[in-house]
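Structural overview
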Amino acid sequence: MKKTKNALVILAGGIGRRFNKKIPKQFNEINGKNLIEFFLSRIDTNNFDLILIVVKKNHQKYIKNLKYNFPLIKFIYTEPGKSRQLSSLNAIKKLNKYKPKNILIHDAARPFCSNKLITKILKQLDKNYSAIPYVISPDRKVILKKEFNKNLKLIQTPQGFNFKTIFKSHANSKISNAKDDSELISQEQLNFIKGEKLNIKITYPEDLNYFKIFLKPIYKSGIGYDIHRIDTNTKKGLKLCGVKIDFNKLIGHSDADVGIHAICDSIFGALSMKDIGYYFPNKDIKWKNKNSEHFLKFAKIKLKEKKFFIANLDINFICEKPNINKYRKKMISKISDILKIPEKIISIKATSNEKIGFIGDGHGIAAESIVQITNEKLY
Ligand code: ZN
C-alpha cells in the first residue's frame with residue numbers, strides 16, 4: 001500500500017439545531033454546490049492522498065456527487081459518534097490503517113477556508129506536532145467574572161496534526177465532549193497559527209449570506225443576426241423591435257421582425273441553446289404571420305428557467321431606409337416592456353450600408369444583437 005502522507009477529514013455528521021432547516025446546513029446548496037463541494041472546489045485537493053467524510057448513512061445521499069465531481073480523489077466515509085470528539089475519533093481510527101503522516105480535521109460548516117490556509121497548515125506540520133488556526137476578534141468582549149482576557153483566541157478549523165500525536169491524544173483522552181481536537185493535545189504540542197477572518201462557521205440561516213462575498217457572478221454573451229428582404233409591392237406594414245413603422249414590410253414566414261429575431265438568437269446563444277429557426281421553424285404553419293413578440297417572450301421564459309438576467313442588450317440595424325433613429329425610443333420602450341428589463345440597459349443603433357450590395361440597394365434590412373446575461377440579480 002502506498003504510504004499516505006496527508007489525509008483530510010471533513011466532519012459532516014452534525015444536524016445543526018441552530019440552523020433550523022430540514023436539511024442539515026452542510027448539505028444546503030448554494031448555486032448547485034453544497035457546503036462540502038463548495039469547500040473542495042476552492043482548495044487544491046492534490047495536497048491530500050485521502051479524504052474521509054464523517055457522515056450519517058442517511059445523509060450520504062446529499063454528497064453522492066462528490067466522487068463524480070472530484071474523480072481523482074479517494075473518498076472514504078465513516079459514521080459520526082455521539083459527540084464531535086467521538087466523530088473525530090471514529091475518523092482517526094478508520095484512517096489508522098492508511099498510516100497518514102499528517103491529518104487535517106475540518107468542520108463541514110466552514111466552507112470558506114482558503115487554499116492558502118491549508119498550505120500554511122501543511123507546511124507547519126513539517127516541523128510541528130500541530131497547526132491550529134485562530135483569529136482575534138476585534139469586537140468588545142464582556143465576561144461577567146474578572147478574568148477578562150484581551151487576547152482571547154477564536155479557534156478555527158481545519159486543524160492540522162501529526163497523525164500519531166492526535167491518535168495518541170484521542171486514545172488517552174479522559175473526556176468525550178471536547179469542542180475541537182486541539183483541546184486534546186498537550187500545551188507543548190500546541191502550535192497556533194494565524195487563521196482567516198473570512199473562515200467563518202455557518203451556524204444560522206442568515207450566515208448563508210456570506211456566500212455572496214465568495215460567489216463571483218457568471219456572465220455570458222450571445223450574438224444574433226437576421227436579415228429579411230423588403231417587399232417592394234407594399235407601402236406599409238414594417239415592424240422592427242415590435243414597433244409599427246410606415247414603410248414597406250419585410251418578407252418572412254412570421255411578421256419578419258428582424259430586430260426581435262436577432263435579439264432572440266442572441267439570448268438563445270448566451271443560454272447555449274439553438275437558433276430561432278429550431279424552435280419556430282418557418283415550415284410550421286403555426287408560426288405563419290406570427291407576431292414575433294411571442295418568440296421574444298419564449299426567450300424571456302428560458303432566461304427565467306435558467307436563472308439569468310440580461311445585463312445589457314445592444315441592437316444594430318443595417319439598412320438604407322427607414323430612419324431608425326426616429327423610432328429608437330419607441331423600440332427601446334417596447335423591448336423593455338416585453339423582456340421586463342430596464343430601458344437604460346438597451347441600446348438601439350443603426351448604420352447604412354453605404355449603398356453597397358443588397359442592403360445598400362435597398363432590398364433588405366438586417367439586424368444584429370449582442371446580449372450579456374448574468375446570474376446575479378440586477379433588477
Ligand atoms: Zn427573421
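Residues numbered from 1 in each chain as written. Predicted model: local features only at pLDDT ≥ 70, side-chain atom pairs only at ≥ 80, totals over all residues. Heavy atoms only, no water.

Some details on the coordination of the zinc ion
Worth spelling out the cut-off: Coordinating donors are taken to be N, O and S atoms lying within 2.8 Å of the metal, or within 3.2 Å when the metal is Na, K or Ca; because water is excluded from the atom set, some sites may appear incomplete. Each residue is placed in one exposure class: buried if its accessible area under a 1.4 Å probe, protein chains only, is under 20% of its type's maximum, exposed if it is over 50%, and partly exposed if it falls in between.
Donor atoms from the polypeptide that coordinate the zinc ion comprise Asp226 (OD), His228 (NE2) and His261 (ND1), at 2.0 to 2.1 Å from the metal. Between consecutive donors of the zinc ion, the numbers of intervening residues give the motif D-x1-H-x32-H. Judged on exposure class, the residue Asp226 and its partner His228 are both buried.

Remarks on the side chain of Asn191
Put simply, the rule reads: Where helices and strands are cited, they refer to DSSP runs of H or I of at least four residues and of E of at least two residues respectively, numbered from the N terminus. We define a polar contact as two N or O atoms separated by no more than 3.5 Å, with the added condition that, inside protein, one atom must be a possible hydrogen donor and the other a possible acceptor, whereas residues neighbouring each other in sequence contribute only through side-chain atom pairs.
Examined against the element boundaries, Asn191 turns out to sit in the loop between helix H5 (163–171) and strand S10 (192–194). At 2.7 Å, the side chain of Asn191 forms a polar contact with the side chain of Gln124. At 2.9 Å, the side chain of Asn191 and the backbone oxygen of Ser130 are in polar contact.

Concerning helix H10 (residues 328–339)
Note the cut-off: Multiplying 1.5 Å by the helix residue count minus one yields the expected span of that helix. Note that the arc is computed from the directions linking the helix axis to the C-beta atoms. We call two residues in contact whenever any of their non-hydrogen atoms come within 4.5 Å of each other.
Between its terminal C-alpha atoms H10 stretches 16 Å, which fits the 16 Å expected from twelve residues at 1.5 Å a residue. Along H10, the residues that are buried comprise Met331, Ile332, Ile335, Ser336, Ile338 and Leu339. End-on, the buried residues of H10 take up no more than an arc of 165°, which puts them together on one face. Summarising the geometry of H10, the exposed residues directed more than 90 degrees from the buried face are Lys329 and Lys330. Along its buried surface, H10 packs onto strand S12 (237–240), strand S13 (243–248), helix H7 (258–270), helix H9 (293–305), strand S15 (309–318) and strand S16 (346–351). Directly after H10, the chain includes Lys340, whose backbone phi takes a positive value near 55°.

Describing the domain arrangement of the protein chain
Selection rule: As used throughout, domain bounds are those supplied by an automatic or database domain assignment.
In terms of domains, the protein chain is made up of domain 1 (6–214) and domain 2 (219–374). Here the C-alpha centre of domain 2 lies 53 Å away from the C-alpha centre of domain 1.

As for the sheet that holds S15
Stated precisely, the cut-off is as follows: Strand pairing follows a simple DSSP-based rule, namely that at least 2 bridges must link the two strands. An axis is simply a line fitted to the C-alpha atoms; with a helix, the fit covers only the stretch in contact. Between two such axes, the angle follows the N-to-C directions and lies from 0 to 180 degrees.
Ordered in space as S14-S11-S17-S15-S16, the five strands form an open sheet in which the pairing is mixed. Looking at which strands have only one partner, the edges of the open sheet turn out to be strand S14 (250–251) and S16. Packing of H10 onto the sheet brings it into contact with S15 and S16, and relative to S16 it is tilted by some 140°.

Some words on the packing of aromatic side chains
To keep it simple, the criterion reads: Centre distance within 6.5 Å is the pairing criterion for rings of Phe, Tyr and Trp, where only the six-membered ring of Trp is used; planes under 30 degrees apart are then read as stacked, over 60 as edge-to-face, and the remainder as tilted.
By the definition in use, this model includes 16 aromatic pairs. On the basis of an interplanar angle of 85° and a centroid distance of 5.8 Å, the ring pair of Phe38 and Phe112 is categorised as edge-to-face. Of the two residues, Phe38 is situated in helix H1 (residues 35–42) and Phe112 in the loop between strand S6 (102–107) and helix H4 (115–124); the sequence distance between them amounts to 74 residues. The exposure class assigned to Phe38 is buried, which follows from its relative accessible area of 4%. Overall, Phe112 belongs to the buried group, its relative accessible area being 1%. Between Phe163 and Phe167, the ring centres sit 5.9 Å apart and the planes meet at 40°, which makes this aromatic pair tilted.

Considerations on the layout of surface pockets
Heads up, the rule is: Points on a 1 Å grid over protein atoms alone make up a cavity when a 1.4 Å probe fits among them but cannot get out, and a pocket when they form an open set with protein on both sides within 12 Å along at least five of seven lines; lining residues each have an atom within 4 Å of a point. Grid points are joined across faces, edges and corners, and a volume is the space filled by probe spheres set on the points. Three residue categories are used. Nonpolar comprises Ala, Val, Leu, Ile, Met, Phe, Trp, Tyr, Cys and Pro, charged comprises Asp, Glu, Lys and Arg, and polar comprises the others, including Gly.
Each pocket or cavity is described by its volume, and for the largest pocket that value is around 1400 Å³. Along the wall of the largest pocket there are 43 residues; nearest its centre are Arg18, Lys25, Arg84, Asp107 and Lys201. Secondary structure elements with two or more residues in the lining of the largest pocket: helix H3 (84–95), strand S7 (130–136) and strand S8 (153–155). In terms of residue count, S8 provides more of the lining of the largest pocket than any other element does, three residues in total. Split by residue class, the lining of the largest pocket holds 14 nonpolar, 14 polar and 15 charged. Approximately 440 Å³ is the volume found for the second largest pocket. As for the second largest pocket, its lining consists of 15 residues, and the residues nearest its centre are Ile30, Asn31, Lys212, Leu215 and Asn375. Among the residues making up the lining of the second largest pocket, the classes are represented as six nonpolar, three polar and six charged. Both of domain 1 (6–214) and domain 2 (219–374) provide at least three residues apiece to the lining of the second largest pocket.

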